[in-house]
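Listed below are the residues making up each chain.
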Amino acid sequence: AQSVTQPDIHITVSEGASLELRCNYSYGATPYLFWYVQSPGQGLQLLLKYFSGDTLVQGIKGFEAEFKRSQSSFNLRKPSVHWSDAAEYFCAVSASRGSARQLTFGSGTQLTVLP
Amino acid sequence: NAGVMQNPRHLVRRRGQEARLRCSPMKGHSHVYWYRQLPEEGLKFMVYLQKENIIDESGMPKERFSAEFPKEGPSILRIQQVVRGDSAAYFCASSQGISGDEQYFGPGTRLTVT
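The following refers to the structure shown. (Residues numbered from 1 in each chain as written. Chains lettered and ligands numbered in written order. Predicted model: local features only at pLDDT ≥ 70, side-chain atom pairs only at ≥ 80, totals over all residues. Heavy atoms only, no water.)

## Remarks on the pairing of strand 12 (residues 109-114) of chain A
All names here are of chain A. Along strand 12, the buried face is formed by Thr-109, Leu-111 and Val-113; none of Gln-110, Thr-112 and Leu-114, which line the opposite face, is buried. In this structure, strand 2 (residues 10-14) lies alongside strand 12, joined through five bridges in parallel fashion. Of the residues in strand 12, the one forming a bridge with His-10 is Gln-110. Sheet analysis places strand 10 (residues 87-94) next to strand 12, joined by three bridges and oriented antiparallel. (Buried < 20%, exposed > 50% of the residue type's maximum accessible area, 1.4 Å probe, protein only. Helix = DSSP H or I, 4+ residues; strand = E, 2+ residues; numbered from the N terminus. Pairing = 2+ DSSP bridges.)

## Structural notes on the nonpolar core
Membership of the largest hydrophobic core comes to 26 residues, with the highest contact counts inside it found for A:Leu19, A:Trp35, A:Leu47, A:Leu48, A:Phe74, A:Leu76 and A:Tyr89. Going through the elements one at a time, strand 2, strand 3 (19-21), strand 5 (32-38), strand 6 (44-50), strand 8 (64-68), strand 9 (73-78), strand 10 and strand 12 of chain A are the ones with two or more residues in this core. Tallying contributions element by element places strand 10 of chain A first for this core, with four residues. Counting residues in each nonpolar core, the second largest holds 23 residues, with B:Val4, B:Ala19, B:Ala67 and B:Cys92 among its members. (Core = buried A, V, L, I, M, F, W, Y, C linked by side-chain atoms within 4.5 Å.)

## Focus: the environment of B:Cys23
All names here are of chain B. Structurally, Cys-23 can be placed in strand 3 (residues 19-24). In this structure the C-alpha to C-alpha distance between Cys-23 and Pro-74, which are 51 residues apart in sequence, comes to 5.3 Å. Other than its neighbours up to four places away in sequence, Cys-23 contacts Val-4, Met-5, Gln-6, Val-32, Trp-34, Pro-74, Ser-75 and Cys-92. (Contact = heavy atoms within 4.5 Å.)

## Observations concerning the pairing of strand 7 (residues 65-68) of chain B
Residues and elements named next belong to chain B. Here strand 7 shows one buried face, formed by Phe-65 and Ala-67, and one open face, formed by Ser-66 and Glu-68. Taken together, the four bridges between strand 7 and strand 8 (residues 75-79) define a ladder with antiparallel strand orientation. Counted as the bridge partner of Glu-68 is Ile-76 from strand 8. Connecting strand 7 to the antiparallel partner strand 8 that follows it, the hairpin turn spans six residues, and Gly-73 within it adopts a positive phi of roughly 100°.

## Section: the interface of chain B and chain A
With 24 residues of chain B in contact, the opposing surface of chain A contributes 20 residues. Between chain B and chain A, a total of about 1,700 Å² is buried, with carbon and sulfur atoms accounting for 50% of that surface. Remark: the boundary between chain B and chain A carries four residue pairs in polar contact (both at pLDDT 80 or more). The set of elements that each furnish at least two residues to the side of chain B that touches chain A consists of strand 4 (31-37), strand 5 (43-50) and strand 9 (88-95) of chain B. Residue composition of the side of chain B that touches chain A, by class: nine nonpolar, nine polar and six charged. (Buried area = accessible area lost by both parts, 1.4 Å probe. Polar contact = N/O pair within 3.5 Å; in protein donor to acceptor, adjacent residues only side chain to side chain. Nonpolar A, V, L, I, M, F, W, Y, C, P; charged D, E, K, R; others polar.)

Right under this line is the structure:
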């Protein structure tokens, strides 16, 4: 069975600083990987997804993520954080390309942005 | 195009009562997923349904929980005889179910059991 680990429960960065959120997965075959963002009291919004091809994936809101098979990682990055990026971020893995399978989520990383 | 809709947004039930959570998928979506988020945790898959069929219920508790997605109307997650441990946020997602598409999430229902 697949699993996802987000080792950082809480990260604080200053506005304008760069950001990297870590995600490690466990899955025997090629995983399908996602990053979602959740604002307080809201549902989840997809930032980006990796199915195959280029290992550097561009998403919305200036986010990108890099798939590294050798490290079983799919870290999320942003070069310059904005105050509106404060939210909780979830990494997820699926066993299939299509959505017709359950997503397995990490426990999330809470991002605080200092002015 | 309206997104995934869930109601109610907040639900308070006393122990032993029933909770009914509703989810209307996005227009054109025929696949619905339910997830539960306990405090300080990530989302955990509960059940995956298509119209009139339960496809995967491997994440559903064996007792008290049931889900349906009728031919007409919203998907319903039903929790009978609620207990305090059922307090959580319940999220619904929907998709077209084709290869490569994504799941779109609703705003969730926050269930509080007193």
